[in-house]
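Reading the structure
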Amino acid sequence: MIALEVLLDVICCACGEQLAVTVRCEGEGLMDGPDEKALASLACPYCHQMNHVIFAPESGEVVEVLSRLRIGRMPEPSLN
Ligand SMILES: [Zn+2]
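Residues numbered from 1 in each chain as written. Predicted model: local features only at pLDDT ≥ 70, side-chain atom pairs only at ≥ 80, totals over all residues.

Here we take up the sheet that holds strand β4 (residues 50-55). Read across the open sheet, the three strands follow the order β3-β4-β5; overall the sheet is antiparallel. With one partner strand each, in any of the chains shown, β3 (38-43) and β5 (62-66) form the two edges of the open sheet. Ignoring which end each strand starts from, the neighbouring axes of this sheet average 25° apart. Relative to β4, β3 runs antiparallel, the two being bridged by six bridges. The residue bridging L42 from the neighbouring strand is N51, located in β4. (Pairing = 2+ DSSP bridges. Helix = DSSP H or I, 4+ residues; strand = E, 2+ residues; numbered from the N terminus. Axes fitted to C-alpha atoms, helices over the stretch in contact; angles between N-to-C directions.)

Burial analysis of strand β2 (residues 18-26) places just zero of its nine residues in the buried class, a small minority of the element. Relative to β2, strand β1 (residues 3-11) runs antiparallel, the two sharing nine bridges. Its bridge partner being in β2, L8 is matched across the sheet by V21. What sits between the antiparallel neighbours β1 and β2 is a turn of six residues, in which G16 has the positive phi angle 80°. (Buried ≥ 20, exposed ≤ 12 C-beta atoms within 10 Å, placed from the backbone.)

Next up on the list: unusual backbone geometry. Glycine aside, the phi torsion of most residues is negative, and most peptide linkages are trans. A positive phi angle is found at H48, which is not glycine, with a value near 65°. As for its placement among the helices and strands, H48 is situated in the loop between β3 and β4.

Before going further, it helps to spend a moment on the environment of S41. Following the sequence through the fold, S41 ends up in strand β3. Counting along the chain gives 28 residues from S41 to L69, while the straight-line C-alpha distance between them is 9.5 Å. The contacts of S41, once residues within four sequence positions are left out, are M50 and H52. (Contact = placed C-beta atoms within 7 Å.)

Below is the structure:
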């Protein structure tokens, strides 16, 4: 089993506070390639809004923070 701890710098999608969270990723498929993305859901400690964070497990780079999950449809990655 592959396990990886990733430090994420997330800006809360609701209140704009910066959250530094460590998430633990594990499971098959984690290291499938550089384009593999993982999802972590965390509640903001300031406003308690759920943030669904899509990130690259290898680099810890945050791809997108969503306030709601769009089930069945992955968001387009943005390169800005
Ligand atoms: Zn917040």
